[in-house]
Amino acid sequence: MTVAVSHGLSMGYRHFNCTSTGNTSSSLAMYASWAGANSHVFVPDHSVSMNKVIQTLAYGAQVYTFDGTYDDGIRYLEQEADVLGYYVCNSVNPMRIEGQKSIIFEIAHQLQWHMPDWILVPGGALSNATALGKGLFDLFNVGLIDRVPRIAIIQAEGASPFHQYAQRQRTGKTTTKLEPVPSPSTIASALNIGNPPSWRKAYRYLTQLHGVTAAVSDEEIMQAKMVIDASGLGCEPASAVTVAGLRQLIHQQVIDRNEHVVCILTGHLLKDTDAIAQSYPLGFQKLDSLYEHLAANLP
């Protein structure tokens, strides 16, 4: 997002815009605020984490809710952004990808330039998958890494148009267009996208990197989230799809247990506190007397 905002400023824009299920909006609002510019965010009025919307508001964005899906918001921007004078910062903007690919540079650096066998990434709008592919080939082409890993793009079952498209291609039922999911629905709100704008680029990189796709249920997502949370890292449900997808791909013998795998987490624990409440319904335990509790449990 820093690259997109910087590019927009260099072109003279002072009004920045995106349609978002939450994470993009808060990022845009933050960096536009740093730049002293204005941010305008379109957010669907359902299936969005309020934590992200509140964060976006706190950074000073003008937030507009609308009756529809993420895909409806993208279509509106494609038609009206120029008239409104907005610089669009969704993943349809190639500058977003140029900045986003730095996640691969960080992975390579942390692994001392020895790439893993696999990298797993959540698939929503698919900008992360596109950036992942571009970053890998950038490093490979300049000789900083000597091989590129395979990739797996993981979607939630209730919002998995890209996985369905890839499956049709794999089984010989070739089609030139992705079929949108008209009413996507998943607990992983950041992935609640039925018509991902970056699907063509993502599929190109999926093919070039001999990648695979998978779709996981909400139950599998929340089970994986509990494992990640208990490890001391924590994440929002949309991130947990990578670990849920890893379990599935190991079970299907697509990924070997001895292979080196990196799972990308894209959103931290407090991005979606509603999901935490659902995962841990027992909540707090009431202590009638702290002193009595301590006395009973001290050796």
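Residues numbered from 1 in each chain as written. Predicted model: local features only at pLDDT ≥ 70, side-chain atom pairs only at ≥ 80, totals over all residues. Heavy atoms only, no water.

## Some remarks on helix α8 (residues 161-170)
Logical step 1: Among the 10 residues that make up α8, 7 are buried, leaving the element largely enclosed by the rest of the structure.
Logical step 2: Regarding α8, the residues found buried are P161, F162, H163, Y165, A166, R168 and Q169.
Logical step 3: Against β6 (150-156), α9 (199-208) and β7 (212-216) lie the buried residues of α8.
Logical step 4: Backbone geometry just downstream of α8 places G172 in the positive-phi region, at approximately 90 degrees. (Buried < 20%, exposed > 50% of the residue type's maximum accessible area, 1.4 Å probe, protein only. Helix = DSSP H or I, 4+ residues; strand = E, 2+ residues; numbered from the N terminus. Contact = heavy atoms within 4.5 Å.)

## Points about the packing of helix α7 (residues 127-141) against α9
Logical step 1: Contact geometry of α7 with α9 gives a least axis separation of 8 Å together with a crossing angle of 45 degrees. Classified by the angle their axes make, α7 and α9 are oblique. As for how α7 packs across α9, the hand of that crossing is left-handed. Counting all contacts with α7, which are made through A129, T130, G133, K134 and F137, the residues of α9 involved are K201, A202, Y205 and Q208. (Axes fitted to C-alpha atoms, helices over the stretch in contact; angles between N-to-C directions. Parallel < 35°, antiparallel > 145°, perpendicular 65-115°, else oblique. Left-handed = near helix turned anticlockwise from the far one by under 90°.)

## Notes on the pattern of salt bridges
Logical step 1: Under the definition given, this model contains 8 salt bridges.
Logical step 2: The partner of E236 in a salt bridge is K52, and the shortest N-O contact between them spans 2.6 Å. Separated by 184 residues along the polypeptide, E236 in the loop between α10 (218-230) and α11 (237-251) and K52 in helix α3 (residues 50-58) bring together distant segments of the chain.
Logical step 3: The class for K52 is buried, based on a relative accessible area of 0%.
Logical step 4: Where R147 meets D117, a salt bridge forms, and the shortest distance between an N and an O atom there is 3.5 Å. Of the two residues, R147 is situated in the loop between α7 and β6 and D117 in the loop between α6 (102-110) and β5 (118-122); the sequence distance between them amounts to 30 residues.
Logical step 5: Note on D117: relative accessible area 25%, which makes it partly exposed. (Salt bridge = Lys/Arg side-chain N within 4 Å of Asp/Glu carboxyl O.)

On their own, these measurements won't tell you what the molecule is for.
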